[in-house]
Amino acid sequence: MTYQGMTGQGTTAVLTTNAITGCVRSLTLPELTQDKIDASCLDTTGFMKYIPGDLTDPGECSLEIIFDPTFDFDAIVGVLDTLTITFALGTSTNTNAATLIGTGFITSYSLPDLSTNDLAVVSVTFAYDGQTGPAFTVES
């Protein structure tokens, strides 16, 4: 069967060390970026010339999680952790879901806005440290 795409429903995100609890409502995956180095010479004409930089920035993930007032969030910012994202299966013939796993740390944990008829959610930013991953394993 040809892969038709996905919405994200069924995807899970787990922080191993901090064991952040709560239902993940949304998840923004990292953007991997690499600097470009200007390799133009004084006699270059037309367009500038570039070469890729040496290292790739592993990026960060943003998570929106339903607030859990029983979770002790005081000491999790800056603590090393492993984030494991497991994607929902995209085809009925595959049995192993795709994963994105990497080490890093939480750079921000925003407490929720509280108001009538609104769900209390927190925003968490996890920055990959480049030590382990992020490594993507394809669905199979």
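Structural notes, computed from the coordinates.

Procedures and definitions
Residues numbered from 1 in each chain as written. Predicted model: local features only at pLDDT ≥ 70, side-chain atom pairs only at ≥ 80, totals over all residues. Heavy atoms only, no water. Buried < 20%, exposed > 50% of the residue type's maximum accessible area, 1.4 Å probe, protein only. Helix = DSSP H or I, 4+ residues; strand = E, 2+ residues; numbered from the N terminus. Pairing = 2+ DSSP bridges. 1 Å grid on protein atoms, 1.4 Å probe; cavity = no way out; pocket = protein on both sides within 12 Å on 5 of 7 lines; lining within 4 Å. Points joined across faces, edges and corners; volume = space filled by probe spheres on them. Nonpolar A, V, L, I, M, F, W, Y, C, P; charged D, E, K, R; others polar. Polar contact = N/O pair within 3.5 Å; in protein donor to acceptor, adjacent residues only side chain to side chain.

### Overview of the pairing of strand β8 (residues 121-128)
Among the eight residues in β8, six count as buried, and that is most of the element. Pairing between strand β5 (residues 60-66) and β8: seven bridges, direction antiparallel. Across the sheet, residue I66 finds its bridge partner in β8, namely V121. Strand direction decides the pairing type here: strand β7 (residues 99-110) and β8, joined by six bridges, are antiparallel. Along β8, the bridge assignment pairs Y109 with V124.

### A closer look at the layout of surface pockets
Think of a ball as big as a water molecule: rolled over the atoms, this probe shows where empty space is left. The computed volume of the largest pocket comes to approximately 240 Å³. Around the largest pocket sit 13 residues that line it, and G8, Q9, T11, S26 and L27 are the ones nearest its centre. In terms of residue count, strand β2 (residues 24-28) provides more of the lining of the largest pocket than any other element does, four residues in total. For the lining of the largest pocket, the per-class residue count stands at six nonpolar, six polar and one charged.

### So, the environment of D68
By the element assignment, D68 lies in the loop between β5 and β6 (80-86). On the basis of relative accessible area, D68 is assigned to the partly exposed category, the value being 21%. Remark: the alpha-carbon pair of D68 and A120, spanning 52 residues in sequence, is separated by 8.7 Å. A distance of 2.6 Å separates a polar atom in the side chain of D68 from a polar atom in the side chain of T70.

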